Amino acid sequence: MAIDVMLPYYGDVGHFKKAVDSVLFQSYTDFRLVVVDDGYPDPEPARYMGEITARDERVTYEKNETNLGANGNYRKCLEMVTAPIVVVMGADDVMLPNYLQVVADGFAAVPDAAVMEVGVSVIDEHGAPVRPLSDTVKAFTSPKADGRTVLHGEKLMTSLMHGNWTYFPSLAWSSEWIRRIGFREGLDVVQDLALLVDVITGGGHMVYDPTLAFLYRRHSASDSSVRALDGRRFDEEARFFAGEADAFAARGWKSAERAARLHLTSRFNALSLLPTAARAGKFAEGGKRLLGHSFRKF
């Protein structure tokens, strides 16, 4: 079973190299790695990838002439997919050596699955294990399963609306599903959750295997962290959850509608960032937005 690993890149070069190396060190070898550099102003990624592509025909690298932004580069990556399974990996995350094998086994067991999630551990910018509040919440809301399980429908949607316990870079997708649905335009922060919503409401099933296979890097320099501190992240989230709640109501998915209107974990996340925003000198700019999101009318 061939797997495409698409790696849209813009950011820290050291983290990028570790991400690439983690793909190359997989125990499962039937994969293609495609790096799409979104115009990062440093020649080192191109040099590094040139050495790799010269010796490994499974790997390709290209650099965009103009910066497309995260959403645009993700959509470009999807246009380049050829394998039946695809992973859109983060450029600062790390696959453990068993990741692609766990994914291949999951799709072999459930061949009509639309998406798959594996066990994920969180690391900081230095590679050390870390468990901030947001990830504690993810662990609390994630499925409690001893082994591989299949999730779908309103029950799955309700759990994701309470708290998105998935980590997008660790998700593996049926190429047919993700290319047919694609990323919504105009979203920078919740595009991953929006894609899951569209897949699930379209009838897609998720395979969840709790086997630890992926390291997700969380650090203060990430785009979502910056947007969170000044409130922009939560402005987008508020619009998203309100729109999805209306859509669930129209479908008759009452529990999913309630969860979307409450979006409690999103509210708690905003509250938890108030001290950080103050320390970063962004309280005047973002504090009102953070408070407004936390206590927004249900």
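Right, let's walk through the structure included here. Each chain has its residues counted from 1, following the order in which its sequence is written. Residues qualify for local features only when their pLDDT is at least 70, as the model is predicted, and side-chain atom pairs are given and counted only at 80 or more; totals for whole chains, interfaces and linings, by contrast, use all residues. Excluded from the side-chain calculation are hydrogens and water; included are all heavy atoms of the structure.

1. As for the overall build of the protein chain
Helix numbering and strand numbering both begin at the N terminus, where a helix is a DSSP run of H or I of at least 4 residues and a strand a DSSP run of E of at least 2. From N to C terminus, the protein chain includes 14 helices and nine strands. Scored against the burial criterion, the 298 residues of the protein chain give a buried share of 52%. Relative to all contacts within the protein chain whose residues are 6 or more apart in sequence, the contacts with residues 24 or more apart total 81%. In the form shown here, the protein chain has an accessible surface area of approximately 13,300 Å², with 54% of it arising from carbon and sulfur atoms. The rule is simple: take the accessible area with a 1.4 Å probe, protein chains only, and divide by the maximum for that residue type; under 20% is buried, over 50% is exposed, in between is partly exposed. Contacts between residues were defined by any pair of non-hydrogen atoms, one from each residue, lying within 4.5 Å. In this description, accessible areas are obtained by the Shrake-Rupley approach with a 1.4 Å probe, and a residue is regarded as covered only by the protein chains that are shown.

2. Considerations on the environment of Glu57
For Glu57, the location among the structural elements is in the loop between helix H2 (44-55) and strand S3 (59-63). The exposure class assigned to Glu57 is exposed, which follows from its relative accessible area of 79%. Residues Glu57 and Arg32 lie 25 residues apart in sequence; the distance between their C-alpha atoms is 8.5 Å.

3. Some thoughts on the nonpolar core
Within this scheme, the nonpolar core is defined by two criteria: the residues are buried Ala, Val, Leu, Ile, Met, Phe, Trp, Tyr or Cys, and they are joined through side-chain atoms within 4.5 Å. Membership of the largest hydrophobic core comes to 43 residues, with the highest contact counts inside it found for Met157, Met161, Phe168, Trp173, Phe240 and Phe248. Counting residues per element, this core draws most heavily on helix H8 (residues 191-201), which supplies seven residues. Apart from the residues within four sequence positions on either side, Phe248 is in contact with Met157, Met161, Val197, Thr201, Trp253, Ala256, Glu257 and Ala260.

4. Brief notes about the packing of helix H1 (residues 13-24) against H2
A fitted line through C-alpha atoms represents every axis, and for helices the fit uses only the stretch in contact; the resulting angles, taken between N-to-C directions, go from 0 to 180 degrees. Packing of H1 against H2 brings their axes to within 10 Å, and their N-to-C directions diverge by 20°. Classified by the interaxial angle, the pair formed by H1 and H2 is roughly parallel. Here H1 and H2 pass one another in a crossing that is right-handed. Together, Val13, Phe16, Lys17, Val20, Asp21 and Leu24 of H1 and Glu44, Pro45, Arg47, Tyr48, Met49 and Ile52 of H2 make up the contact between the two elements. In what follows, roughly perpendicular refers to angles from 65 to 115 degrees, roughly parallel to angles under 35, roughly antiparallel to angles over 145, and oblique to any angle outside these ranges. Left-handed is the label given to a crossing in which the near helix is rotated counterclockwise from the far helix by less than a right angle, and right-handed is the label when the rotation is clockwise.

5. Overview of the side chain of Asp192
Assignment of secondary structure puts Asp192 in helix H8. Judged by relative accessible area, which is 19%, Asp192 ranks as buried. Once residues lying within four places of it in the same chain are set aside, the contact partners of Asp192 are Asn164 and Phe168.

6. Regarding the pairing of strand S2 (residues 31-37)
Along S2, six of the seven residues are buried, which leaves the element largely enclosed by surrounding structure. Two strands form a pair only when DSSP identifies at least two bridges running between them. Here strand S1 (residues 3-9) pairs with S2 via seven bridges, running parallel. Residue pairing in the sheet places Leu7 in a bridge with Val35 of S2. Orient the strands so they point away from the viewer; a crossover is then right-handed if the path from the first strand over the helix to the second runs clockwise. For the crossover from S1 across H1 to S2, the handedness is right-handed. Here S2 pairs with S3 via five bridges, running parallel. Counterpart to Asp37 in the pairing with S3 is Lys63. After leaving S2, the chain enters H2 and then returns to the sheet as S3, a path that is right-handed.

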